[in-house]
Amino acid sequence: MTLQKKRALHIGSVSWLLLGAMSHNAQADDTPTQLPDITVTAPSPIQRHRTAPTRTSSHIVRAAPSRNRERAAAVQPAPAAPAPQQGVLPVVTDQFATVTVIPNEELRRSGAATLGDLLFSKPGITGSSFAPGASSRPIIRGLDVNRVGIVENGLGGGGVSDLGEDHFVPIDPLSTNQIEVVRGPAALRYGSTSIGGVVSATNNRIPDAIPTCAATPFQSYGLPVKAPLADAGAPGCLNVETRTSVSSVNRGVEGGMLLDAGGNNVAVHADVYGRSTSDYSIPSYPYLFDQTRPVNGRQPNSATQSDGASVGASYFFQGGYIGAAITQNDSLYHIPGIDGADHQTRIDAHQTKIAVKGEYRPDAAAIDAVRFWVGATDYRHNELGLADPTDLFSDGVRQTFTNKEQEARVEVQMMPFNARFATVTTAFGVQAGHQELTAPSPDDPTSLFNGLWSPNNNNRVAGYVFNEFKFTDSTKAQIAGRIEHVDLRGSMPNFPADYLPDGAPQSSIARNPSYTPVSGSIGLLQNLPGDLVGSITAQYVERAPKPAELFSRGAHDATATFDIGNPNLTIETAKSVEIGLRKATGPFRFEATAYYTRFSNFIYRRLTGVMCGDDFDSCGNGDPNNEARQAVYSQRDAIFRGAEFQSQFDIGPLNGGIWGIENQFDVVRATFTDGSNVPRIPPVRLGGGFYWRDSNWLTRINLVHAFAQNDIAVIGETPTAGYNLLNAEITYNTKLNSSWIGAREMTLGLVGNNLLNQNIRNSVSYTKDEVLMPGLGIRAFANLKF
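Let me begin by describing the structure that accompanies this report. Computed from a prediction, not measured in an experiment: that's the story for all the values here. Here the residue numbers are simple positions, counted from 1 along each chain's written sequence. Given that the model is predicted, a residue must reach a pLDDT of at least 70 before its local features are reported, and side-chain atom pairs must reach 80 or more before they are shown or counted; all residues, however, enter totals for whole chains, interfaces and linings. Water and hydrogen atoms play no part in the side-chain values, which are based on all heavy atoms of the structure.

## Regarding the nonpolar core
Using the following cut-off: Throughout this description, the term nonpolar core refers to a set of buried Ala, Val, Leu, Ile, Met, Phe, Trp, Tyr and Cys residues connected via side-chain atoms within 4.5 Å. When a residue's accessible area, from a 1.4 Å probe over protein chains only, is under 20% of the maximum for its type it is buried; when over 50% it is exposed; and in between it is partly exposed. To qualify as a helix, a DSSP run of H or I must reach at least 4 residues; to qualify as a strand, a run of E must reach at least 2; elements of each kind are numbered from the N terminus. The contact definition used throughout considers only heavy atoms, calling two residues in contact when any of these lie within 4.5 Å.
Trp453, Phe495, Phe562, Ile564 and Phe616 are the most contacted members of the largest nonpolar core, which totals 40 residues. Looking at this core, the elements that each hand over two or more residues are strand E13 (346-360), strand E19 (475-493), helix H6 (547-551), strand E25 (561-564), strand E27 (588-612) and strand E28 (628-654). In this structure Phe616 touches Phe449, Phe495, Pro496, Tyr499, Leu500, Pro501, Gln506, Phe562, Ile564 and Gln630, once residues within four positions along its chain are discounted.

## Focus on the state of the cysteines
Note the following rule: Throughout, disulfides are identified as pairs of cysteine sulfur atoms within 2.5 Å of each other.
The final tally for this structure, using the stated rule, is 1 disulfide. Across the disulfide from Cys612 sits Cys619; the S-S distance is 2.1 Å. Its S-S torsion of about 115° marks the bond between Cys612 and Cys619 as right-handed, since a negative value means left-handed.

## Observations regarding the sheet that holds strand E4 (residues 148-152)
Definition in use: In this scheme, strands are said to pair when DSSP sees at least two bridges between them.
Overall, mixed pairing links the 5 strands, which are arranged E1-E6-E7-E4-E5 in an open sheet. Every other strand in the sheet has two partners, leaving strand E1 (98-102) and strand E5 (155-156) as the edge strands with one partner each. Sheet analysis places E4 next to E5, joined by 2 bridges and oriented antiparallel. Across the sheet, residue Val151 finds its bridge partner in E5, namely Gly156.

## What about the pairing of strand E9 (residues 252-263)?
Note: strand E8 (residues 237-247) against E9, 11 bridges, orientation antiparallel. Note that in E9 the partner of Asn239 across the bridge is Asp260. Here E8 hands over to E9 after 4 residues, with Arg251 in that stretch at a positive phi of 50°. Strand direction decides the pairing type here: E9 and strand E10 (residues 266-277), joined by 11 bridges, are antiparallel. Residue Val253 lies in a different strand from E10, and its bridge partner there is Ser276. The hairpin formed by E9 and E10 contains 2 residues between the paired strands, and Asn264 there has a positive phi angle of roughly 55°.

Quick look at the structure:
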């Protein structure tokens, strides 16, 4: 069978499924479309509380009589969430920041193995795609590793993905329930390393509510007896969920199980997951500038294997709770690309993370809530490979990265008070952290340039405050500020001013830079006619340099560079203005955003044009075996500007459901102030598609076109061709009779990715000229809730 026929068969099969689903004789629903009830917590420490209907539980600690503030709400079972139709675009209108939400049902349909893959086509967001399916970090509005924070349940991710593009993010979407992405500066709450935005993953590893179970009907069997009271000695509750899928493009198999139990003021959570894939299929030959290597239809050296587990519990008391969890993440993945394939490079990573969090709502006139988070991470990975590609017995550890990190944060939200001109709500917080990094190599351990940097550590402490002003029900404002102090300790060799060897001996010099970034923001939210919400925000944000930018002094295989840090770097500053217009209700839902950010002292890798080997003495010596481009961390002023748009329009009823169209657009343009281009910026993207859904079914087909990226840096970057990414999906969700297989809810689905089998290269990836994104693939998944 020819490739064209195979492609036609795959596309035809998916199309048949879509048409079959649309013709399904579903029962018509005359009620308006149920929109998702989206709650976000990442952008601000001020949380808005929704009034929920009173529910009973197996055991409730009852509050003493006091002001009617629902003090016992924290220990009552979580109210059952409404059941909106699948695939509805979630639009957040009550936050001053621009927030993209990936709800649980979309996470289950996506099946992405990394955060970068999950967010790859979202407006204003993409992934680094260094190793698709294994190592892909989110990039927000063209800003990446050192400017995008990643947190899980309010605490830092705890890996080293911000210190190397080939390093994985130890947060797996398979174990995640919701993703929130703050597009734009999020440094006010999370620190200066989130100057470009933050990706916040949440799950139930530390339960914040006692789980609920459907009540079993009381059986009297015809006898004259009364049913027991709803809250009298009811048994505990146990919920189990399974998540499984298989994928054709990489012969992948994944599975996970989640358990939530509760009773007597205690809630327990446990989860376990695993994933295994082979080298993934690609549409054509991957290496642009070397046509001599065998490939056989798959991206060489792209297999992955990962697993993890977590156990946590919370205790609920009058007015609050406290909980803890321990999590283990393990991953063994291969690094694609010519060098990675030749050396059989792979990374064996392990992370152990302990997290504690809690909340207390005192019966006080001034304080609404006190929340805290404490975490500790022990991360280590070995970079494995052949020292000599011709000698299979030279396999071993080439470099080791470790990160031991501790973090704590406390926030206090005050009760709203009437300041006559507005109702004012204030929240303030303090944050502290400590980090120790090493990157040794067993190769030549006595060398001054052993590993990417010498052992270093940093301490940080910060305070921040958020004030929200409610002038009327339709007009609100926010003023926020943050100050932090960062101390870093490390060492660097003394490099010549021109970064070329001059024969003088070099020695390691201790460095102890410190910084005190100060940031602030002001924003306005205005409700407009037609359920529209307009926003305008202005931010001034400062960022302290990261350890890699200060202390690097060696070959970096991931970027094929010889990195030289600069301990004299100064604070980076961003001045940003953003306007937005959003609509979250009705048949037409959309969000539109435009922004302008001017960076002063923007920190970047400056390619000097010099080629290096494994040590500094090799730089510029003319050796043809030198493969690393010398890159010196430097500073220049830069301007980022762009716009994002996405929408859904429910056109009308069809076969008992609703059909409609959706579209999206995003653009970011980044230049230095002399007019030259900032390297590795995402292309302009335009997309759209059709969907049909009812209370059980969702069918969707969507095409995203990425234009060619020709706005490239002068040195070290090549143009990237455009592509068309066509995806389609069909999902069926239904309630079950638990007497059948014990499950009470089932979701089944098929997803087709890259149905045109296009050559897709990601312009932001360091390996784009050697690594293609996966080709045509079909994924089948099944989720069961017990």
